[in-house]
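# Structural description and commentary
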Amino acid sequence: MGSGCLKVTKYFLFLFNLLFLILGAVILGFGIWILADKTSFIAVLQMSSPSLKTGAYILIGVGALTMLMGFLGCLGAVNEIRCLLGLYFTCLMVILITQVTAGLVIYFQKETLKEELSRIVGSLIENYDPLNDDERNLQDAWDYVQTQISCCGWAGAKDWESNKILINQSMTSYPCSCSNSSKDFQVDTGFCNLDVPVNGTATYADWPVHEQGCMDSVEKWLKDNLGVILGVCTGVAVIELLGMILSISLCKNIHSEDYTKVPKS
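Not measured: the values here are computed from a predicted model.

## Some details on unusual backbone geometry
- Its identity as a non-glycine residue notwithstanding, Ser150 has a phi of 60°, on the positive side.
- Assignment of secondary structure puts Ser150 in the loop between helix H6 (136-149) and helix H7 (164-168).
- At Ser170, a residue that is not glycine, the phi angle is positive and equals roughly 55°.
- The topology assignment puts Ser170 in the loop between H7 and strand E1 (173-175).
- Judged by its relative accessible area of 29%, Ser170 falls in the partly exposed class.

Structural data, given as structure tokens:
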């Protein structure tokens, strides 16, 4: 390979590693956001499922590793250090294999994950209590989800019939965050009272709430954005493959050319 091609390869690899630095910062920030977020569906999952918190720490670790790898790749490319380029190639290969493995696990375990989500949200709804300060953050997060997505319960509003407080009140109250009435827009937490309960009792069908469950809304969002998600994953994989090709190419080229430039004693 000529010196011109060597320089082009070197600077392309440098640019790719800048992308990895940025990508690592994004992954790191996403992991921190999952741990810090207290007002969305992520908070519900995080506080109910230790696996999500573990996943957040993994994201932080992967993000930090990606940033470190990008730095090493930049250093190795600019200074033509074969050891760093080899280490960079190995790290890229390990990360790519890990990503593919994780994707396959998620795909084949999606029904198990769905069941776990149903269990988590079902338990939250059943034990929802506006006066329970210990679970306030978790309950506020779920109220936020129902308000923003305009949904009620996980499978539907009927899920709330299992709530202990609503059972004691003969279903004459309903979750305010589920309301589809304009008068309840200012109240998005706790329970609201029905205006005219029938015979002192009611069912979820009497509530002025959204009929659609949050599970359908979440699945719809995933389907609507599936192309974007797959596009991002494919783009990351392509960048990693190109980085591997450039690094091994530059590494071989340095091996073949640099020793001829060593001054003889």
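## What to know about helix H8 (residues 214-224)
- For H8, every residue scored as buried is listed here: Cys214, Met215 and Ser217. The arc enclosing the buried residues of H8, seen along the axis, measures out at 165°, which places them on a common side. Counted as exposed and oriented over 90 degrees from the buried face of H8: Lys223 and Asp224.
- Lining the buried residues of H8 we find helix H5 (110-126) and H6.

## Here's the deal with a nonpolar patch on the surface
- Together, Leu65, Leu68, Phe71, Leu75 and Ile81 line one region of the surface with nonpolar side chains, adding up to about 420 Å² of accessible area.
- A residue is classified by how much of its surface remains accessible, and Leu75, at 35% relative accessible area, is partly exposed.

## Considering the state of the cysteines
- The final tally for this structure, using the stated rule, is 3 disulfides.
- With its bonded cysteines labelled in order along the sequence, the protein chain shows the pairing 1-6, 2-4, 3-5.

## Some remarks on the pattern of salt bridges
- As enumerated under the stated definition, the model contains 2 salt bridges in all.
- The salt bridge partner of Asp133 is Arg136, with a shortest N-O separation of 2.7 Å.
- Taking the relative accessible area as the measure of exposure, Asp133 reaches 56% and is therefore exposed.

## Topic: the confidence of the model for the protein chain
- On average, residues of the protein chain score 77 in pLDDT, and 82% of them reach the 70 mark or higher.
- Within the model, the stretch residues 256-265 combines pLDDT values under 50 with 5 contacts to residues more than four positions away or in other chains.

Cut-offs used in this document
- Residues numbered from 1 in each chain as written.
- Predicted model: local features only at pLDDT ≥ 70, side-chain atom pairs only at ≥ 80, totals over all residues.
- Heavy atoms only, no water.
- Helix = DSSP H or I, 4+ residues; strand = E, 2+ residues; numbered from the N terminus.
- Buried < 20%, exposed > 50% of the residue type's maximum accessible area, 1.4 Å probe, protein only.
- Arc of directions from axis to C-beta.
- Contact = heavy atoms within 4.5 Å.
- Patch = residues over 30% accessible without salt bridge, like charges linked within 9 Å, V, L, I, M, F, W, Y side chains within 5 Å.
- Areas by Shrake-Rupley, 256 points an atom, 1.4 Å probe, with all protein chains shown as cover.
- Salt bridge = Lys/Arg side-chain N within 4 Å of Asp/Glu carboxyl O.
- Disulfide = S-S within 2.5 Å.
- pLDDT = per-residue confidence, 0-100.

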